[in-house]
Amino acid sequence: MSHRLHRKSRRSLIVIALAVCVLCAVGVGIGVGISRPHKDGPPSAVQRADFANILPAPVSATPTGGQFTITSATSIHASSDSAPALAVADYLATLLRPATGYALPVASADTDGAGVIRLVLTGEGDKKLDAEGYRLDISDDQITVTAAQPAGLFDAVQTLRQLLPPQSAKGSAQRGVVWSVPAGHVLDYPRFGYRAAGLDVARHFFGVADVERYIDEIALFKINYLHLHLTDDQGWRLAIDGWPKLTDVGARTEVGGGAGGFYTQDDYRKLVAYAQARYVTIIPEIDVPGHVTAALASYPALSCDGKTRSVFTGIDTGFSSLCAAKPTTYAFLDDVLRQIAALTPGPYVGIGGDEAQATSAADYAKIVDEAAADVRAAGKTPWGWQETATASVGTPSVATYWNPGLPGAAIKQAANSGTQLVLDPANHSYLDQKYDAETALGLHWAGYVEVQNAYDWDPGTYLPGVNQDAILGVEADLWTETVATTGDIDYMAFPRLPAVAELGWSPESTHNWSAFRDRLAAQGPRWSAMGIKYYHSPQVPWPAGS
Ligand code: NGO
């Protein structure tokens, strides 16, 4: 990251970051600085499961008094003719059985009745529920979950989990807990259809089980895309038929010289299926034309000099490039992108395109355009970093804004000409940036990102001059130069990931830092019950002992 860490530009980026944060805070009428904890008074302890603490904040939630209690007699029923509804019912039962110790039988039946949690799929009807919305109607007798599509039922389950006592998240039977859910009505649907978490499995490799764990964590906050950064200078992490050295050579190390690793295509299919069952769509990203040392070390013919090189184990960026003049480059791109598209049920395939300082502008445009064309030929939409907006990749396409230090004209122009825009500004939503000067893990080229920085901005107005319809949604990226274990992932993602998730899901009208930090505080005991060792930000009034 030589160029990113360039002292002068880093300083100006920090100044921009601070200015943007302050402007955002003022813009939403909150008027608080970026690092002052508890400015509005002493922290309040928030422990009770109630509607005010649902995170992300729902569209509306109305308590009616009373409560539903899960007992040994409770059963879960799903609309009789819907296999996906039944699968969500099974998922809910699997979540609740360990802590409650109850059988919680699941049945495919559209029955009313006392003691029933009923999942109803309408498949149509209320337009507002659309693809991911849901209604939750909780009475003393029964819980009814209604959604137009299965994803909505799944989202409702995430809300329901937060309405139960935190001990419900434990993995073993808890004695003496009353498993009550406050009665009332929730109506909910997302602000943006794209709410992504990004995970870099190239700088440090994370195996299937670790990624599945993260999928479960992101699903808690109704995040619906997982963007996997599968290749970089430090490792190529997915087996590609016909190019065995990409993994035989290119996957055998990582930052710091560790063992690295890779996914076979079967491993990858398993991940895709695991994510799908949680209504998370994986976006695979192959990063070209820069960030390619692992590929060049595997196949020297992909570089213009044809020299033998080793896979890189440091953390600099911007020094490697595919060779635009060689036909092998295009054969390689074609094979790789076709195979990856075939493994991808979702609409997007990533082509990277960031920080290609070792590629001329003309070569950059040639390679990026070719990669985008390959993706489209495979029936998918190319997803790229904001720099791809400088190469006329055409539409449909997605460009992800990440670096406030780069000129913004090209991405704005692309967004106003049909490119869809994802907002992932590093100074707000990069989960690899340090929280403050004391944070042991992380980088800080974009400045420190405390919880309030992660939360206090509005994706809808962040880039002035951009057509609102162009905004697809938000993303929070976890780069792993310094992140090597699932514990590290948890510490960096919690509690900032929920902040970005809420920006993507909740109506703008709910945006309020004081209320948000209370909602966040209420999650602490749940995360502890799940074994998530989160960052106890001093900005958040965590309940004692959580
Ligand atoms: C940049 C860079 C990544 C780094 C990350 C570290 C993008 C899009 N490219 O973000 O390679 O890992 O910063 O924060």
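These figures come from a predicted structure and were not determined experimentally. (Residues numbered from 1 in each chain as written. Predicted model: local features only at pLDDT ≥ 70, side-chain atom pairs only at ≥ 80, totals over all residues. Heavy atoms only, no water.)

Take the overall build of the protein next. Scanning the protein for helices and strands turns up 16 helices and 17 strands. Its C-alpha atoms give the protein a radius of gyration of 23 Å, within 12% of the compact-globule value 24 Å for 546 residues. For the protein, the proportion of its 546 residues judged to be buried stands at 59%. The long-range fraction of contacts in the protein, counting pairs at least 24 apart against all pairs at least 6 apart in sequence, stands at 74%. When the accessible surface of the protein is split by element, carbon and sulfur atoms take 54% of a total near 19,400 Å². For the protein, the distance from the average site of its 41 positive side-chain charges to the average site of its 56 negative ones is 4 Å. (Helix = DSSP H or I, 4+ residues; strand = E, 2+ residues; numbered from the N terminus. Rg over C-alpha atoms; globule rule 2.2 N^0.38 Å. Buried < 20%, exposed > 50% of the residue type's maximum accessible area, 1.4 Å probe, protein only. Contact = heavy atoms within 4.5 Å. Areas by Shrake-Rupley, 256 points an atom, 1.4 Å probe, with all protein chains shown as cover. Lys, Arg positive; Asp, Glu negative; His and termini not counted. Charge placed at Lys NZ, Arg CZ, Asp CG, Glu CD.)

End to end, helix H16 (residues 513-530) covers 25 Å across 18 residues, agreeing with the expected 26 Å (1.5 Å per residue, within 8%). Gly524 marks where H16 bends most, by close to 30°; the proline Pro525 follows one to four residues later. Counting buried residues in H16 gives 13 out of 18 residues, a clear majority hidden from the surface. Measuring from the side-chain oxygen of the N-cap residue of H16 to the backbone nitrogen of Ser514 gives 3.0 Å; that N-cap residue is Asn512. One or two steps after H16, the chain reaches Gly531, where phi turns positive at roughly 85°. (Expected span 1.5 Å × (residues − 1). Bend = angle between axes of the 7 residues up to and from the residue. Polar contact = N/O pair within 3.5 Å; in protein donor to acceptor, adjacent residues only side chain to side chain.)

Look at the link from Leu55 to Pro56: it is a cis peptide, with omega at 0°. Inspection of the secondary structure puts Pro56 in the loop between helix H2 (7-27) and strand S1 (60-70). Residues Thr395 and Pro396 are joined by a peptide bond in cis, for which omega reads -5°. Inspection of the secondary structure puts Pro396 in the loop between strand S14 (381-385) and strand S15 (398-401). Even without being glycine, Asp130 reaches a positive phi, approximately 45°.

The full set close to the ligand counts 14 residues, and Arg203, Asp354, Tyr430, Asp432 and Glu481 are the nearest of them. Asp354 has a polar side-chain atom sitting 2.6 Å from a nitrogen atom of the ligand. Of the residues belonging to the shell around the ligand, the class tally is six nonpolar, two polar and six charged. (Near = heavy atom within 4 Å. Nonpolar A, V, L, I, M, F, W, Y, C, P; charged D, E, K, R; others polar.)

Our next topic: helix H4 (residues 150-162). Given a rise of 1.5 Å per residue, 13 residues ought to cover 18 Å, and the 19 Å separating the end C-alpha atoms of H4 matches this to within 8%. Here H4 lies mainly inside the structure; 13 of its 13 residues are buried.

Looking now at the nonpolar core. Counting 106 residues, the largest nonpolar core has Val211, Tyr214, Leu226, Leu228, Tyr263 and Phe332 as the members making the most contacts within it. Looking at which element gives the most residues to this core, the answer is helix H9 (residues 327-342), with seven residues. Here Leu228 is in contact with Leu199, Val201, Val211, Tyr268, Leu271, Ile282, Ile283, Pro284 and Glu285, once residues within four sequence places are set aside. Ile54, Leu92, Ala156 and Ala183 belong to the second largest nonpolar core, which has 37 residues in total. (Core = buried A, V, L, I, M, F, W, Y, C linked by side-chain atoms within 4.5 Å.)

Okay, the confidence of the model for the protein next. A residue-level look at the protein finds 91% of positions with pLDDT of 70 or above and a mean pLDDT of 91. With pLDDT under 50 throughout, residues 1-47 is counted as low confidence; its partners more than four residues away or in other chains account for 85 contacts. (pLDDT = per-residue confidence, 0-100.)

This next bit is on the packing of helix H5 (residues 208-219) against helix H14 (residues 486-493). Relative orientation of the contacting elements H5 and H14 amounts to 25°, with a least axis distance of 11 Å. Judged by the angle between their axes, H5 and H14 are roughly parallel. Relative to H14, the crossing made by H5 is right-handed. When H5 is examined against H14, the residues Asp210, Arg213, Tyr214 and Glu217 are found in contact with a partner set consisting of Thr486, Ile489, Asp490 and Ala493. Considered class by class, the residues forming the contact of H5 with H14 number three nonpolar, one polar and four charged. (Axes fitted to C-alpha atoms, helices over the stretch in contact; angles between N-to-C directions. Parallel < 35°, antiparallel > 145°, perpendicular 65-115°, else oblique. Left-handed = near helix turned anticlockwise from the far one by under 90°.)

What follows is about the domain arrangement of the protein. Structurally, the protein comprises domain 1 (60-188) and domain 2 (194-530). Here the C-alpha centre of domain 2 lies 33 Å away from the C-alpha centre of domain 1. Contacts between domain 1 and domain 2 engage 20 residues on the former and 14 residues on the latter. Of the roughly 1,500 Å² buried between domain 1 and domain 2 on both sides combined, carbon and sulfur atoms contribute 55%. Applying the counting criterion to the domain 1 and domain 2 interface returns one salt bridge. Across the pair Arg195 and Glu132 runs a salt bridge whose closest N-O atoms are separated by 2.7 Å. Put simply, domain 1 and domain 2 have eight residue pairs in polar contact (both at pLDDT 80 or more) between them. Class assignment of the residues belonging to the side of domain 1 that touches domain 2 gives a composition of 11 nonpolar, four polar and five charged. (Domains from an automatic or database assignment. Buried area = accessible area lost by both parts, 1.4 Å probe. Salt bridge = Lys/Arg side-chain N within 4 Å of Asp/Glu carboxyl O.)

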